[in-house]
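# Fold and geometry: a report
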Amino acid sequence: MEALSFEARAGEIFGLLGENGAGKTTSLRMLATLLKPTQGEAQVGGADVVREPERVRRQLGIVFDGGVYERLSARENIRYFGRLYGLRGPELERRIDELLTALDMNEYADRRAGTFSKGMRQKVVIARALVHDPPILLMDEPTSGLDVTATRGVHEFVLQAKERGKCIVFSSHNMTEVEKLCDRVAVMHRGRIVAEGSVQELREASANQSFEEVFVGLVGDE
């Protein structure tokens, strides 16, 4: 990946928009300390991702495409991750109950995750990422493959997290989704950022074309 630079702020949703293979997931995995940068530096909440990985991870909620423990219930999946983050007892149970209610999961909270639809599984992934109430969220295409109802639920939750002052880095290749959610956007192409700004600023810089036309003009139609 070529050098890239961006800053995401507290209380905003910062979108990484790009086609598949543009480098969005690689960028987020480096911020999450899952991949080590080969050059340059990155900070998350003031902590260096290479020199202070544990401090970085304590501040993060990570929503990547990953499985759930199918033999555990939704509640047990969330509890397991809460314990990994050091939560115990009534504090952990209260937090689990809050998330189950906020994500509308109470109806299936005690069912085994192996029976869940993709949308239900994704809610478990989101809940376990938030159980320790992190200030920063990294979300890698969290609505990919979800139906309309599940997608809307994820969108509402992301907007609520923003209202609570969290910093959210949200990757997507869905322009409608980015227009709806993101305060600022970085358009990625072949591992580098080719444009950055609000959706309106990017439109104005391209003679007020539709956002889809702006995007195609920036990355080409190959």
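All values reported here derive from a predicted model rather than from experimental measurement.

## Focus: the packing of helix 3 (residues 74–84) against helix 4 (residues 89–102)
The geometry of helix 3 relative to helix 4 is characterised by a closest axis approach of 10 Å and an angle of 135° between their N-to-C directions. Between helix 3 and helix 4, the interaxial angle falls into the category oblique. Two packed elements cross with a definite hand, and for helix 3 against helix 4 that hand is right-handed. In this structure, helix 3 contributes Arg75, Ile78, Arg79, Gly82 and Arg83 to the contact, and helix 4 contributes Leu92, Glu93, Ile96, Asp97, Leu99 and Leu100. Within the contact of helix 3 with helix 4, the residues separate by chemical class into five nonpolar, one polar and five charged.

## Here we look at the pairing of strand 6 (residues 167–172)
Along strand 6, six of the six residues are buried, which leaves the element largely enclosed by surrounding structure. Here strand 6 shows a buried face lined by Cys167, Val169 and Ser171 and a second buried face lined by Ile168, Phe170 and Ser172. Sheet analysis places strand 1 (residues 13–17) next to strand 6, joined by five bridges and oriented parallel. From the neighbouring strand, Ile13 faces strand 6, where its bridge partner is Ile168. As paired elements, strand 5 (residues 136–140) and strand 6 share five bridges and run parallel to each other. For Ile136, the partnering residue across the bridge sits in strand 6 and is Cys167. Handedness of the crossover is the feature at issue here: the chain leaves strand 5, passes through helix 6 (residues 148–163), returns alongside strand 6, and the resulting connection is right-handed.

## Re a nonpolar patch on the surface
A cluster of nonpolar side chains, namely Tyr69, Tyr80 and Leu84, defines an oily patch on the protein surface of about 330 Å² accessible area. Considering the arrangement of structural elements, one finds Leu84 in helix 3.

## Examining the environment of Ala10
Along the polypeptide, Ala10 turns up in the segment before strand 1. On the accessibility criterion, Ala10 (65% relative accessible area) is exposed. It is 8.0 Å that separates the C-alpha atoms of Ala10 and Pro135, two residues lying 125 residues apart in sequence. Apart from residues lying up to four places away in sequence, Ala10 is in contact with Gly165, Lys166 and Cys167.

## Notes on helix 3
Since the α-helix packs 3.6 residues into each turn, any two residues three or four apart lie on the same face. Looking at helix 3, one finds that the buried residues are Ala74, Arg75, Asn77, Ile78, Arg79, Phe81 and Gly82. Looking at the packing, one finds that the buried side of helix 3 touches helix 4 and helix 5 (118–130). Where helix 3 terminates, the next one or two residues include Gly86, which has phi positive at roughly 90°.

## A look at unusual backbone geometry
Phi is positive for Thr33, which is not a glycine, with a value near 70°. Topologically, Thr33 is positioned in the loop between helix 1 (24–31) and strand 2 (43–44). Positive phi values are uncommon outside glycine, yet Asp133 reaches one of about 55°. Here Asp133 lies in the loop between helix 5 and strand 5.

## Focus on the environment of Glu98
Mapped onto the elements, Glu98 comes out in helix 4. Distance from Glu98 to Ala127, taken between C-alpha atoms, is 9.6 Å for residues 29 residues apart in sequence. For Glu98, the side chain forms a polar contact with the side chain of Arg94, separated by 2.7 Å.

## A few points about the sheet that holds strand 7 (residues 184–189)
The mixed open sheet is built from six strands, whose spatial order is 4-5-6-1-7-8. One side of each edge strand has no neighbouring strand; the edge strands of this open sheet are strand 4 (60–63) and strand 8 (192–197). Each strand axis lies, on average, 15° off the axis of its neighbour in the sheet, ignoring direction. As judged from the four bridges shared by strand 4 and strand 5, these two strands associate in the parallel manner. Across the sheet, Val63 pairs through a bridge with Met139, a residue of strand 5. Along the sheet face, helix 1 touches strand 1, strand 4, strand 5, strand 6 and strand 7 and points at about 150° away from the line of strand 5.

So, how was this worked out
Residues numbered from 1 in each chain as written. Predicted model: local features only at pLDDT ≥ 70, side-chain atom pairs only at ≥ 80, totals over all residues. Heavy atoms only, no water. Axes fitted to C-alpha atoms, helices over the stretch in contact; angles between N-to-C directions. Helix = DSSP H or I, 4+ residues; strand = E, 2+ residues; numbered from the N terminus. Parallel < 35°, antiparallel > 145°, perpendicular 65-115°, else oblique. Left-handed = near helix turned anticlockwise from the far one by under 90°. Contact = heavy atoms within 4.5 Å. Nonpolar A, V, L, I, M, F, W, Y, C, P; charged D, E, K, R; others polar. Buried < 20%, exposed > 50% of the residue type's maximum accessible area, 1.4 Å probe, protein only. Pairing = 2+ DSSP bridges. Right-handed = clockwise from strand over helix to strand, strands pointing away. Patch = residues over 30% accessible without salt bridge, like charges linked within 9 Å, V, L, I, M, F, W, Y side chains within 5 Å. Areas by Shrake-Rupley, 256 points an atom, 1.4 Å probe, with all protein chains shown as cover. Salt bridge = Lys/Arg side-chain N within 4 Å of Asp/Glu carboxyl O. Polar contact = N/O pair within 3.5 Å; in protein donor to acceptor, adjacent residues only side chain to side chain.

Function cannot be read off these values alone, since they describe shape.
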